[in-house]
Amino acid sequence: LHLGVLVQVARALEFAHRRRVVHRDVKPANVMVGSFGEVYLVDWGIAAALEPPPDGVPPARFVRSIEGTPTYLAPEMAAARGEEIDERTDVYLLGATLYEILAGQPPHLAPTVQGAIVAVLNPDYLVGVARRHADAFGAIVRVHSFQGLLLARSDGSAQGVGELNSSSWIFR
């Protein structure tokens, strides 16, 4: 997975968000690249609908269990707070995927599932993760600041994926 592919994933998420659907399981394993370079975001099994919900998609507000991949979970997913799940959840997961591209490991790596969930719910852990890998993140001149993406829910700074798509992405 490379950064050009990640931009295509952001476009797929923008498409879904405009239709009021959040993926909730964005991670490298759910990104497929076809033989002609086409990018697919797969495994929509835990996708949830925002208000008003489209037909056939369960509403996010009813989510009351931890669903998703523990090493990538957004805080609202780890806490099973369905009423807080929205487009920013996928922006967080996109940031977690970017983290793995740059650092070579998922952001919430822990020896146990419970350890990963505890790490997600601890904002100090997230800041420490970003600081530990600051050298790897230096390759990006502007991506709305990685820490802003990673901490989307705790500081409210993350925009929708549409704004990320319209931003200038500059790489060294």
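The structure we're discussing is the one just above.
All of the points below concern the structure found in this document. (Residues numbered from 1 in each chain as written. Predicted model: local features only at pLDDT ≥ 70, side-chain atom pairs only at ≥ 80, totals over all residues. Heavy atoms only, no water.)

## Focus on the overall build of the protein
- The secondary structure content of the protein amounts to nine helices and six strands.
- Out of the 172 residues belonging to the protein, those deemed buried represent 47%.
- Approximately 8,300 Å² of the protein is accessible, and the part contributed by carbon and sulfur atoms is 55%. (Helix = DSSP H or I, 4+ residues; strand = E, 2+ residues; numbered from the N terminus. Buried < 20%, exposed > 50% of the residue type's maximum accessible area, 1.4 Å probe, protein only. Areas by Shrake-Rupley, 256 points an atom, 1.4 Å probe, with all protein chains shown as cover.)

## A word on the nonpolar core
- Ranked by internal contacts, the top residues of the largest apolar core, which has 22 residues, are Val-9, Leu-13, Val-26, Leu-41, Leu-73, Leu-93 and Leu-94.
- Where this core is concerned, the elements lending two or more residues are helix H1 (3-18), helix H2 (75-78), helix H3 (87-103) and helix H4 (113-120).
- Of all hydrophobic cores here, the second largest spans six residues; its members include Ala-48, Leu-50, Ala-60 and Val-63. (Core = buried A, V, L, I, M, F, W, Y, C linked by side-chain atoms within 4.5 Å.)

## Examining the pattern of salt bridges
- Under the counting rule described, the total for this entry stands at eight salt bridges.
- The closest approach of N and O atoms between Arg-24 and Glu-67, which form a salt bridge, is 2.5 Å. In this pair, Arg-24 is assigned in the loop between strand E1 (21-22) and strand E2 (31-33) and Glu-67 in the loop between strand E4 (48-49) and H2, connecting sequence segments 43 residues apart.
- Given a relative accessible area of 3%, Arg-24 falls into the buried group.
- In this structure Glu-67 comes out as partly exposed when scored by relative accessible area, which is 28%.
- The partner of Glu-83 in a salt bridge is Arg-64, and the shortest N-O contact between them spans 3.1 Å. Of this pair, Glu-83 sits in the loop between H2 and H3 while Arg-64 is found in the loop between E4 and H2, placing the two residues 19 residues apart along the sequence. (Salt bridge = Lys/Arg side-chain N within 4 Å of Asp/Glu carboxyl O.)

## Comments concerning the packing of H1 against H3
- Closest axis-to-axis distance for the H1/H3 pair is 11 Å, and the angle between their directions is 170°. As the angle between them shows, H1 and H3 are arranged roughly antiparallel. Between H1 and H3, the contacting residues are Leu-3, Leu-6, Val-9, Ala-10, Leu-13 and His-17 on the first element and Glu-87, Asp-90, Leu-94, Thr-97, Leu-98 and Ile-101 on the second.
- In terms of residue class, the contact of H1 with H3 is built from eight nonpolar, two polar and two charged. (Axes fitted to C-alpha atoms, helices over the stretch in contact; angles between N-to-C directions. Parallel < 35°, antiparallel > 145°, perpendicular 65-115°, else oblique. Contact = heavy atoms within 4.5 Å. Nonpolar A, V, L, I, M, F, W, Y, C, P; charged D, E, K, R; others polar.)

## Structural notes on unusual backbone geometry
- For Arg-20, which is not glycine, the phi dihedral falls at a positive 70°.
- Secondary-structure assignment places Arg-20 in the loop between H1 and E1.
- Residue classification places Arg-20 among the partly exposed residues on the basis of a relative accessible area of 28%.

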